[in-house]
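Here is how the chains run, residue by residue.
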Amino acid sequence: MSGGSYTLAGPARPGTSLAYHILERQRAIPGASGDFTELFQQITLATKTIHSLVRRAGLVNVIGSTGLTNVQGEIVQKLDEFANQTIIKSVEAGGHVCVMASEENDELIPVPPESHGGKYVLLFDPLDGSGNIDVNASIGTIFAIYRRRSPVGGPGTLDDVLQPGRDMVAAGYVVYGSSMMLVYTAGRGVHGFTYDPTVGEYFLSHENIRIPDRGDTYSINEGNYHRWPEGLRRWVDWIKTPEAGSGRPYSARYIGAMVADLHRTLLRGGIFVYPGDVKRPEGKLRLLYEANPLAFIVEAAGGAASDGRGAVLDVVPTSLHQRTPLFVGSRLDVADCVAFLRGER
Ligand code: P6P
C-alpha cells in the first residue's frame, strides 16, 4: 500500500498560515504564555533566510563562471555555517531559549544573560545532507524543542540538553526540495506547511499526517551491505525477494539526505534505515538533533523508530554528539527489519 493519509487544505479553505496554526495551538492551551509561539516564529524566520541562501547556492555554479565565485563560493563552501549562524542569531536574542546545541558546534551554545529566563532548549541540525547542495538535490533543517530542567534565570546546562527524545515539547524539519515544506508536531498531530514564495509565508498543506502501517519502499545505503550485521543483510535480501501477495519486492529509494528520505517515508510509508556496521557500530546519525526529532514526528504520525534495541526516544543521552543506529518509518516495516536484525526471523 502506498500513500499515507493527510487532509490537503483545499482551495475552498483560506490558507491557514503556520503562524496562525501555532497561535491556534497556543489559544487551546490554558495559561499559555505565547513564548513557544514566538520561539517557533523565530525558527521559521531562520528557515526562510536559509532557503534564500540555499536557492542562491544552486546559482553559484552559474554565477561562478562570471568571476563572482569568491563571494558566491563563500556562500556555498560555508552554507552549513551560514545556516547555523542564521538559526542561532534568530533565536538567541528572542529570550525564550536558555541554551542551544547544533551539529555545527562542538560545545553547547550559550545565550546572552538577558535570555537566561528562557524556559526552552533548542537542538538542531542546521543543514542536513549539505553534500547534496552542489548537485542541487534536496537538503533539510531539523530541530527539537525541550523544556529546560535547570532553574529559570541561570544559563542552560548540558543536563538541559541531554534529555530523552520522549520528553520533547515539539520537533520539526524543513525540506528544501522542489518546494520548501515545514513539518512539525507539538504533540497534537503532525502537520505540513508549504512555503509560498510569492507571499513569504508557509501555508497549511498537509493536515494531520498519518504514516501507513506498511509501505512499499525501503531506504538504505546498500553500498555498505558487506559491513552490515548478518541479520540486516538477510532483511535486505528478503525485502527484495518477490513473493506473490506479500508486497515484495519493495522499491529502493535513497536521496542521501535523511530529511528528504524521511519526508517521503512519512507521507507514503516504508522504512528508512541507517544501521550500525563493523566500521561504525553506532551508525552515522546523531541522536539528539537528527534521529530524535524525526523519530518524535514519525511516532506522532503513528509510525515507529528503533535503534535496533528499543525505541530511540527512550534512549537517555550521555553526550552531545552521540550517534545511533536508526530504523524508522511504518511500524510493520520497522518491526520486520528489527526482527531480522535480532535473528528472530
Ligand atoms: P551516506 C547526510 O550527511 C547524512 O547525515 C544524512 O542526512 C543522510 O541520510 C546520510 O548522512 C547519508 O550518509 O553514508 O549514505 O552517504
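Residues numbered from 1 in each chain as written. Predicted model: local features only at pLDDT ≥ 70, side-chain atom pairs only at ≥ 80, totals over all residues. Heavy atoms only, no water.

## Quick notes on the packing of helix α7 (residues 258-268) against helix α8 (residues 287-300)
Heads up, the rule is: Comment: axis = line fitted to C-alpha atoms, over the contacting stretch for helices; angle = value between 0 and 180 degrees taken between N-to-C directions. Secondary structure elements follow DSSP: runs of H or I no shorter than four residues count as helices, runs of E no shorter than two count as strands, and numbering proceeds from the N terminus. An angle counts as roughly parallel when it lies under 35 degrees, as roughly antiparallel when it exceeds 145, as roughly perpendicular when it falls between 65 and 115, and as oblique in every other case. By definition, turning the near helix anticlockwise from the far helix through less than a right angle yields a left-handed crossing, and turning it clockwise yields a right-handed one. The contact rule is simple, with two residues in contact once any of their heavy atoms fall within 4.5 Å. Classification convention: Asp, Glu, Lys, Arg as charged; Ala, Val, Leu, Ile, Met, Phe, Trp, Tyr, Cys, Pro as nonpolar; all other residues, Gly among them, as polar.
Closest axis-to-axis distance for the α7/α8 pair is 11 Å, and the angle between their directions is 15°. Compared by their axis directions, α7 and α8 come out roughly parallel. Judged by the twist between their axes, the crossing of α7 over α8 is right-handed. Residues Met 258, Leu 262 and Leu 266 of α7 form the contact with α8, whose participating residues are Glu 290, Ala 291, Leu 294, Ile 297 and Val 298. Among the residues forming the contact of α7 with α8, the class breakdown is seven nonpolar, no polar and one charged.

## Here we look at the nonpolar core
Defined as follows: By convention a nonpolar core is built from buried Ala, Val, Leu, Ile, Met, Phe, Trp, Tyr and Cys residues, the set being connected through side-chain atoms within 4.5 Å. Under the scheme applied here, a residue whose accessible area is under 20% of the maximum for its type counts as buried, over 50% as exposed, and between as partly exposed, the area being computed with a 1.4 Å probe on protein chains only. All the domain ranges listed were derived from an automatic or database domain assignment.
With 45 residues, the main nonpolar core has Leu 123, Val 161, Tyr 173, Val 183, Leu 266 and Leu 326 as its most contacted residues. The element that contributes the greatest number of residues to this core is α8, accounting for nine residues. Two domains each put at least three residues into this core: domain 1 (18-206) and domain 2 (217-341). Val 91, Met 100, Ile 145 and Val 174 belong to the second largest nonpolar core, which has 40 residues in total.

## Section: the sheet that holds strand β11 (residues 251-252)
Remark on secondary structure: sheet strands pair via backbone hydrogen bonds, oriented parallel or antiparallel. We count it as follows: Two strands pair if DSSP finds at least two bridges between them.
Strand order across the open sheet formed by five strands is β11-β10-β12-β14-β13, with mixed pairing between neighbours. A single partner strand is all that each edge strand has here, and the edge strands are β11 and β13 (304-306). Inspection of the sheet shows strand β10 (residues 217-219) paired to strand β12 (residues 271-274) by two bridges, in the parallel sense. Looking at the pairing, Ser 219 lines up with Phe 272 of β12.

## With respect to the site of the ligand
The criterion, for reference: A cutoff of 4 Å decides nearness: a residue is near a molecule or strand if any of its heavy atoms lies inside that distance of it. N or O atoms within 3.5 Å of each other form a polar contact, as long as, within protein, one can give a hydrogen and the other can take it, and as long as residues adjacent in sequence are counted only when both atoms are side-chain atoms. Exposure was quantified through the Shrake-Rupley algorithm and a 1.4 Å probe, taking into account, for residues, occlusion by the shown protein chains and nothing else.
As a matter of local geometry, the ligand sits amid Asp 128, Gly 129, Asn 221, Tyr 254, Gly 256, Ala 257, Met 258, Phe 272, Tyr 274, Lys 284, Leu 285 and Glu 290. A distance of 2.9 Å separates an oxygen atom of the ligand from a polar atom in the side chain of Asn 221. When isolated, the ligand has an accessible area of 400 Å², and the protein chains bury 77% of it. When the residues that make up the shell around the ligand are grouped by side-chain class, the tally is six nonpolar, three polar and three charged.

## Thoughts on the packing of aromatic side chains
To describe a pair of aromatic rings, one takes the distance between the centres and the angle between the planes. Test applied: Pairing of aromatic rings covers Phe, Tyr and the six-membered ring of Trp, with a centre-to-centre limit of 6.5 Å; geometry is then stacked below 30 degrees between planes, edge-to-face above 60, and tilted otherwise. By definition, being over a ring means that NZ of Lys or CZ of Arg is both within 6 Å of the ring centre and within 35 degrees of the ring normal.
Tallying each qualifying case throughout the model produces 10 aromatic pairs. When the ring of Phe 36 is compared with that of Phe 40, the centres are 5.6 Å apart and the planes differ by 40°; the resulting orientation is tilted. Highlighted residues: Phe 36 and Phe 40, both in helix α2 (residues 35-63), separated by four residues, approximately one helical turn. Of the two residues, Phe 36 and Phe 40, neither departs from the other in class, the shared state being buried. Judged by centre distance (5.6 Å) and plane angle (55°), the ring pair of Tyr 225 and Trp 228 falls under tilted. Just as Tyr 225 is buried, Trp 228 falls in that class too. Here the aromatic residues Phe 36, Phe 40, Tyr 120, Phe 143, Tyr 184 and Phe 193 are joined through ring pairs into a cluster of three or more. In this structure, Arg 25 is placed above the aromatic ring of Phe 36, and the distance from its NZ or CZ to the ring centre is 4.4 Å. Positioned above the aromatic ring of Trp 238 is the side chain of Arg 345, whose terminal nitrogen or guanidinium carbon lies 4.8 Å from the ring centre.

## Some remarks on the domain arrangement of the protein chain
The condition is simple: A 1.4 Å probe defines the accessible area here, and the buried area is the portion of it lost by two parts on being joined, summed over both. The term salt bridge refers to a pairing of a side-chain nitrogen on Lys or Arg with a carboxyl oxygen on Asp or Glu at a separation within 4 Å.
Looking at the assigned domains, one finds that the protein chain contains domain 1 (18-206) and domain 2 (217-341). Spacing between the C-alpha centres of domain 1 and domain 2 amounts to 24 Å. Listed per partner, the contact involves 41 residues of domain 1 and 32 residues of domain 2. Counting the surface domain 1 buries against domain 2, the share from its top three residues, Leu 162, Arg 166 and Tyr 173, is 24%. Where domain 1 touches domain 2, the interface holds two salt bridges. Across the pair Asp 314 and Arg 166 runs a salt bridge whose closest N-O atoms are separated by 2.8 Å.

## Observations concerning the side chain of Asp 160
Filter applied, for reference: His is not counted, nor are the chain ends; Lys and Arg add positive charge and Asp and Glu add negative charge.
Inspection of the secondary structure assignment puts Asp 160 in helix α5 (residues 158-161). One buried charged side chain, Asp 160, makes no salt bridge at all; its nearest oppositely charged neighbour is Arg 148, positioned 4.5 Å away. Within the structure, Asp 160 has its side chain in polar contact with the side chain of Ser 150 (distance 2.5 Å). A distance of 2.8 Å separates the side chain of Asp 160 from the backbone nitrogen of Thr 157, its partner in a polar contact. Not counting residues within four places of it along the chain, the set of residues in contact with Asp 160 comprises Cys 98, Val 99, Val 121, Arg 148, Arg 149 and Ser 150.

## A word on the environment of Pro 164
In this structure, Pro 164 sits in the loop between α5 and β6 (170-176). In sequence terms Pro 164 and Trp 228 are 64 residues apart; their C-alpha atoms lie 27 Å from each other. Other than its neighbours up to four places away in sequence, Pro 164 contacts Tyr 146, Arg 149, Leu 313, Val 315, Val 316 and Pro 317.

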